[in-house]
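The chain contents come next:
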Amino acid sequence: MPKICLFAVGERRWLTVLAVLASLLGVAGAARADHPREVRMGVYANEPKIFLSGGQQPSGIFGELALEMARQHNWTLVPVPCEWKACLAGLQDGSIDLMPDVAFTPERANLFDFHATPALLSWSQIYARPDTPIRSALDLKDRRIAVLQGSVQQEYLRNLMAGFGVQAELVPAENLQEAFNLASRGEVDAAVANRFFGDLQAPRFKLVSTPVLFQPSQLFFATGKGKNADLIAAIESSLKTWQAQPDSHYFQVLKHWMEAPPRLLVPTLIWWALGGLGGVLVLALGAWWFLRREVAEKTRSLRASEDRLNTILDSVDAYIYIKDTALRYQYANRKVCELFGAQPEQVVGQTDARYFDDHTVAKLRINDLRVVEHGERVEEEETNRNALGGPEHTYLSVKLPLHRPDGSIYALCGISTDISKQKQTERAIHQLAFYDPLTQLPNRRLLMERLQQALAAQQRNQACGALMFIDVDNFKDLNDTLGHSIGDLLLGEIAARLSACTRAQDTLARQGGDEFVAMVQGLGPTLNDAVVHTQHLAEKILRKLSEPYLLDGHGYQTSVSIGIAMFGGPDSDQDELLKQADLAMYQAKADGRNTVRFFNPQMQAQVTARTALETDLHRALEARQFLLYYQTQVDQQGQTVGVEALVRWQHPVRGLVSPAEFIPVAESSGLILALGHWILETACTQLVRWAAHENTAGLSIAVNLSARQFRQSDFVAQVQSVLQTTGANPQRLELELTESQLIDDLGGVVQKMDALKALGVRIALDDFGTGYSSLNVLKRLPLDQLKIDQSFVHDLLLDHSSASIVRAIVTLGDSLQLQVIAEGVETTEQRDALVALGCTYFQGYLFGRPAPMQ
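**Quick word on the pattern of salt bridges**
Point 1. Summed over all chains, the structure comprises 38 salt bridges.
Point 2. A salt bridge links E379 to R377, with the shortest nitrogen-to-oxygen separation between them at 2.6 Å.
Point 3. With a closest N to O distance of 2.9 Å, R831 and D832 form a salt bridge.
Point 4. Bridged by salt links that share partners, the residues K323, D352, D368, E382 and K399 form one connected network.

**Comments concerning helix α16 (residues 420-434)**
Point 1. Between the first and last C-alpha of α16 there are 21 Å, a value that for 15 residues agrees with the 21 Å anticipated at 1.5 Å per step.
Point 2. Within the sequence span of α16, burial applies to S420, Q422, K423, T425, E426, A428, I429, L432, A433 and F434.
Point 3. Where α16 is buried, its residues contact β7 (120-128), α10 (249-258), β14 (378-384), β15 (393-403), β16 (409-418) and α17 (444-461).

**Here's the deal with the sheet that holds β14**
Point 1. Spatially, five strands are ordered β13-β12-β16-β15-β14 in an open sheet, and the strand pairing comes out antiparallel. Of all strands in the sheet, those with a lone pairing partner are β13 (329-332) and β14, marking the two edges. Taking the axes of each pair of neighbouring strands and ignoring which way they run, one obtains an average angle of 25° across the sheet.
Point 2. Where β14 lies against β15, seven bridges are found, and the strand directions are antiparallel. Bridge pairing in β15 links V378 to K399.
Point 3. With respect to the sheet, helix α15 (residues 358-374) is in contact with β12 (319-324), β14, β15 and β16, its orientation differing from that of β14 by roughly 165°.
Point 4. In the packing of α16 onto the sheet, contacts are made with β14, β15 and β16, and the angle to β15 comes to roughly 135°.

**Describing unusual backbone geometry**
Point 1. Here the bond from E47 into P48 is cis, since omega is 10°, no more than 30 degrees from zero.
Point 2. Here P48 shows up in the loop between β1 (37-43) and β2 (51-52).
Point 3. Phi at D142 takes a positive value of approximately 65°, unusual for a residue other than glycine.
Point 4. The phi angle at R593 is positive, at roughly 70°, despite the residue not being glycine.
Point 5. Among the secondary structure elements, R593 is positioned in the loop between α21 (574-590) and β23 (596-598).

Rules and cut-offs
Residues numbered from 1 in each chain as written. Predicted model: local features only at pLDDT ≥ 70, side-chain atom pairs only at ≥ 80, totals over all residues. Heavy atoms only, no water. Salt bridge = Lys/Arg side-chain N within 4 Å of Asp/Glu carboxyl O. Helix = DSSP H or I, 4+ residues; strand = E, 2+ residues; numbered from the N terminus. Expected span 1.5 Å × (residues − 1). Buried < 20%, exposed > 50% of the residue type's maximum accessible area, 1.4 Å probe, protein only. Contact = heavy atoms within 4.5 Å. Pairing = 2+ DSSP bridges. Axes fitted to C-alpha atoms, helices over the stretch in contact; angles between N-to-C directions.

What follows is the structure, encoded as structure tokens:
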């Protein structure tokens, strides 16, 4: 075993310890300084790993990681543009504090400090023009290869070719772009680059990747030797934390720059490339080992060649070994010996049973026998566990037979690369891209993929399915009262209960917020049977989710509303299914919640009509198609004291449209804000007109406010602006609120009402008696008037309880010094009964229907 390798490993461990100690001692004081720490970071052009963006900020994988670390550790990151060799020189002389994208070597460990956790894993590859045939390292003979000056690849490639007796000219380049330019123009035959830069830039230079790969490497941030131990400690802390969290900034950066992970851990090209490299190494290893067996005396030149080859094989960051036909080790390089914790002479003659558990040994034996008994070339991912039961590691292994001159097989040569980190990264990126981090359920993206696959499969097997939208009822109330952390606990519990209700072949996803989606497949060939099965499943879900929850010591009970769209015909469409299930869910909400609704065509017709009505509402606001009708309000003597403003829509085709039809659409679409402002402005303009005439100057106008309108943060300012613009007397303007508008944020409501009262505006509580107001709430509200709901007036002469409620409201108004007015008075008998109960103000058809101003 080369001593320098052991020394390098030990030195890196000591560097990590020293860095941690430094961060715990005085170095930590720098982070507590009042001003940020300035960190000069070298930046060279090696996209997508590191480069300067248009704004002269570090970008790429290392750039974004460095910027996030700077934010977390209070650094001011100062980019220092430089070529690679100059960057390393600056790092050594101290003009640069930090350098990204540095591959660890024992030689560099003498010049720079490294953290322990690799920031990135990479390898080197040769790129050439399509007309330059390079299939293995032997094809490099007599060629000119451009390589980054001062890079690890330059020295490594020189040693590798010398070991195989291949003569080639290495042409130094200042940067990777220059190397690719030389290859593209034909001034060199090929260029060397890391796989990140090469795969990204090769098409732009009209180059292609070759199967020649070498030197798998771990990439780090580096600092000058003994100069910035605090930076090393901070970087190590960030990387270790990030890499343990699948949804961390680290994996988001990898996902951004590497996009979707490859379906195989390593691209198909790497299989061929490792095979090509393996072929070359096998040829050399086979010749070397066979000569050792067959030749009794070795010449001095052969010993020199063997030493040189040993040096090369021991410097490769891969596990290289030879086994005989009895599967006993005949050769093991440095990496294999380190893995087994043994010296080379101790490994020779042993089998896998000494180093791996029984399950691993059995799998390895199957692959090895394919090579030594059948002469196959085996390329497999192998997951191994050592004999002590340690953690599993995954290797990409290429195994080839070694032949005697007569064609018989005498051994196998294997080259294995540890790809556990890459597998972990792939899984983390996949989890981040396709799963919800809170519930671990598939997210909307994965749901869409599976729904598309299900619809395609349904076309073939004619089996019906269902899409279920499941929305938690009143979830906002839980968040507002107990906090979002408790809300998250509830969502996690609901996800677990839903998983228990569905089958393994079904897809359960969290679409976002408090909404879940279940896609149920294989419900049989007939739609009727599928509907029955789905109904039973939905009822099971309703029962399961309505059971009590215990959330961090808080007891809680909730329900869900479920909308279902069935699929099973030839015309099933993904987007339409989603819309249909969504509409059915909202119908379940409208029908009282905690229920199930299936989508039907009538529901679609209602939605289509509603959409058309919303479009017409937009046009109506622009074309001023709305009118204000006014309904008279009178006192006990029948004298008009004011009016209530009621909006009407004069549609150019449909005629007069009922408010009951268009007001809910205006509310849900947000158009109520613009419409409400127009109503307020028009009513105030009418007050100004009346003020000019003695017989109408004393009249007031009551304007209804929508909940959405009243909740606007600048609503009081809007009212003030309208009053100032029109010149209306605020004491003649009355704003009507409903009891439902008082439920949320009572303190904010009172504050806003006080501000309106300060303007001189009167405030009435509409439809009183139908809501949730308590006496405690009423006494806090700065009201001027209570309006008795027309439902009590309608039943006044028929129902004793209605009369009692009216008497109570009148008495309450008197005690709070509020004016009381009854709505919906249609007959003289009703008016007389109200007078007898103490009510002195009235509104209804008895005194006049709503009509436009003449």
